[in-house]
Amino acid sequence: MYSFKNDYAEGAHPRILNALMESNFEQEDGYGEDRYSRKAVELLKEKLGRTDVDIHLIPGGTQTNLIAISAFLRPHEAAIAANSGHIQTHETGAIEATGHKVLSVETKDGKLTPKGIQEVLDAHTDEHMVKPKLVYISNSTEIGSIYNKAELQALSNFCREHNLIFYMDGARLGSALCSSENDLKLSDFPELVDAYYIGGTKNGALIGEALVICRDSLKEDFRFHMKQKGALLAKGRLLGIQFLELFRDNLFFELAQHANNMAKRISEELKQANIKFLTHSPSNQIFPILPNGVINELQKNYAFILWEKVDQDHSAIRIVTSWATKEEAVDTFLGDIRKYL
Ligand SMILES: Cc1ncc(COP(=O)(O)O)c(C=O)c1O
């Protein structure tokens with residue numbers, strides 16, 4: 001059984017494991033005050049070309065979203081997200097559990113637009129309702145689409161004009177940045193968003209996300225929020241060592257590029273066989289629509305998510321490739337699809 005279910009099925013890139021092994025017996029301070037975490041934060045700031053951002057290393061994605069969003073909002077304020085947004089669909093009400101409503105906007109491609117946000121603002125007019133205050137997007141989105149620079153700039157301008165906090169979930173930012181359709185650089189984001197995170201867990205790290213806070217008014221006491229929500233790791237070195245290894249050279253981008261290349265090979269071959277896709281997704285998640293009979297056969301040897309019924313005879317499946325997806329597995333998978341089609 002080979003899994004195309006997600007991009008966290010494998011452990012970590014061997015270079016990361018080696019770095020953890022090599023530093024194993026060194027004694028370090030705890031809670032992110034170790035030399036590795038400090039260096040990783042400095043290195044990331046260098047890569048972003050910004051010394052004025054705050055960077056915090058946090059173990060997981062849901063944790064990062066809920067700590068950041070709850071720290072940034074006042075009690076009556078709410079977040080706005082696409083109906084497919086991760087905080088809306090797959091975080092067990094984690095944001096709501098901190099006391100903040102998530103207001104959702106219908107989208108087909110998983111991407112928010114100023115128009116969609118405006119509709120939410122128009123529907124929330126006074127103190128008898130929650131006050132929409134933070135705009136949540138993810139890049140790439142939960143359905144594999146990516147934002148281009150013009151789209152992010154438009155959202156950024158809209159948020160500034162309407163005094164909204166603009167927050168980007170970058171669990172799969174590596175994949176978005178390495179997409180053949182991407183026109184953004186890692187260093188563009190501090191200009192565009194108020195806070196965002198660079199995902200490690202889904203891009204070769206064992207665990208870890210790097211939250212970048214760009215807007216000054218959001219920075220205060222953030223480590224208090226982390227500690228209160230259980231995210232200030234005693235062995236914070238574990239996160240520092242991993243981010244240092246990912247960004248020491250080009251590893252972070254090489255791993256994301258590999259994941260994208262594997263997805264692209266599958267989607268190009270399927271397009272040649274006239275297979276349609278549920279969404280346009282130029283990243284490491286693709287959603288081909290296949291006859292149910294083919295899906296049943298594939299399920300005998302491959303794990304993937306059955307995403308959505310499309311009609312009586314066809315369903316969309318979600319195929320996710322990772323930094324570690326094997327080329328031979330992709331070849332065999334494509335051969336099997338050809339056989340069953
Ligand atoms: C866009 C996005 N954000 C956040 C998360 C949550 O990450 P975690 O499972 O580490 O909490 C995921 C996980 O799938 C995700 O896809």
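Residues numbered from 1 in each chain as written. Predicted model: local features only at pLDDT ≥ 70, side-chain atom pairs only at ≥ 80, totals over all residues. Heavy atoms only, no water.

Focus: the overall build of the protein
And then number 1: In terms of helices and strands, the protein carries 14 helices and 13 strands.
And then number 2: The C-alpha radius of gyration computed for the protein amounts to 20 Å, which stays within 12% of the reference 20 Å derived for 341 residues, consistent with globular compactness.
And then number 3: The dimensions of the protein, computed from C-alpha atoms along their principal axes, are 60 × 55 × 35 Å.
And then number 4: Residue burial in the protein is summarised as follows: out of 341 residues, 55% are buried.
And then number 5: Taking all contacts inside the protein whose residues are at least 6 apart in sequence as the whole, residues at least 24 apart take part in 73%.
And then number 6: Carbon and sulfur atoms form 49% of the exposed surface of the protein, whose accessible area is close to 15,400 Å².
And then number 7: Of the charged side chains in the protein, 38 are positive and 47 negative, and the gap between their average positions amounts to 2 Å. (Helix = DSSP H or I, 4+ residues; strand = E, 2+ residues; numbered from the N terminus. Rg over C-alpha atoms; globule rule 2.2 N^0.38 Å. Buried < 20%, exposed > 50% of the residue type's maximum accessible area, 1.4 Å probe, protein only. Contact = heavy atoms within 4.5 Å. Areas by Shrake-Rupley, 256 points an atom, 1.4 Å probe, with all protein chains shown as cover. Lys, Arg positive; Asp, Glu negative; His and termini not counted. Charge placed at Lys NZ, Arg CZ, Asp CG, Glu CD.)

Regarding the site of the ligand
And then number 1: Near the ligand you find Gly60, Gly61, Thr62, Asn65, His86, Glu91, Glu142, Asp169, Ala171, Arg172, Tyr197 and Lys202, and these make up its full shell.
And then number 2: The separation between an oxygen atom of the ligand and a polar main-chain atom of Gly61 is 3.0 Å.
And then number 3: In this structure, Thr62 approaches the ligand through a side-chain N or O atom, which is 2.6 Å from an oxygen atom.
And then number 4: With 3 residues, the single largest contributor to the shell around the ligand is helix H3 (residues 61-72).
And then number 5: When the residues that make up the shell around the ligand are grouped by side-chain class, the tally is 2 nonpolar, 5 polar and 5 charged. (Near = heavy atom within 4 Å. Polar contact = N/O pair within 3.5 Å; in protein donor to acceptor, adjacent residues only side chain to side chain. Nonpolar A, V, L, I, M, F, W, Y, C, P; charged D, E, K, R; others polar.)

Observations regarding the domain arrangement of the protein
And then number 1: For the protein, the assigned domains read domain 1 (2-7 + 251-340) and domain 2 (14-247).
And then number 2: If you sort the residues of domain 1 by the area they bury against domain 2, Leu251, Phe252 and Pro282 come out on top, with a joint share of 32%.
And then number 3: Counting every contact that joins domain 1 to domain 2 gives 1 salt bridge.
And then number 4: The shortest N-O distance in the salt bridge between Arg172 and Asp7 comes to 2.6 Å.
And then number 5: Looking at the side of domain 1 that touches domain 2, the element that brings in the most residues is helix H12 (residues 251-272), giving 8 residues.
And then number 6: Taken together, the residues of the side of domain 1 that touches domain 2 break down into 9 nonpolar, 8 polar and 2 charged. (Domains from an automatic or database assignment. Buried area = accessible area lost by both parts, 1.4 Å probe. Salt bridge = Lys/Arg side-chain N within 4 Å of Asp/Glu carboxyl O.)

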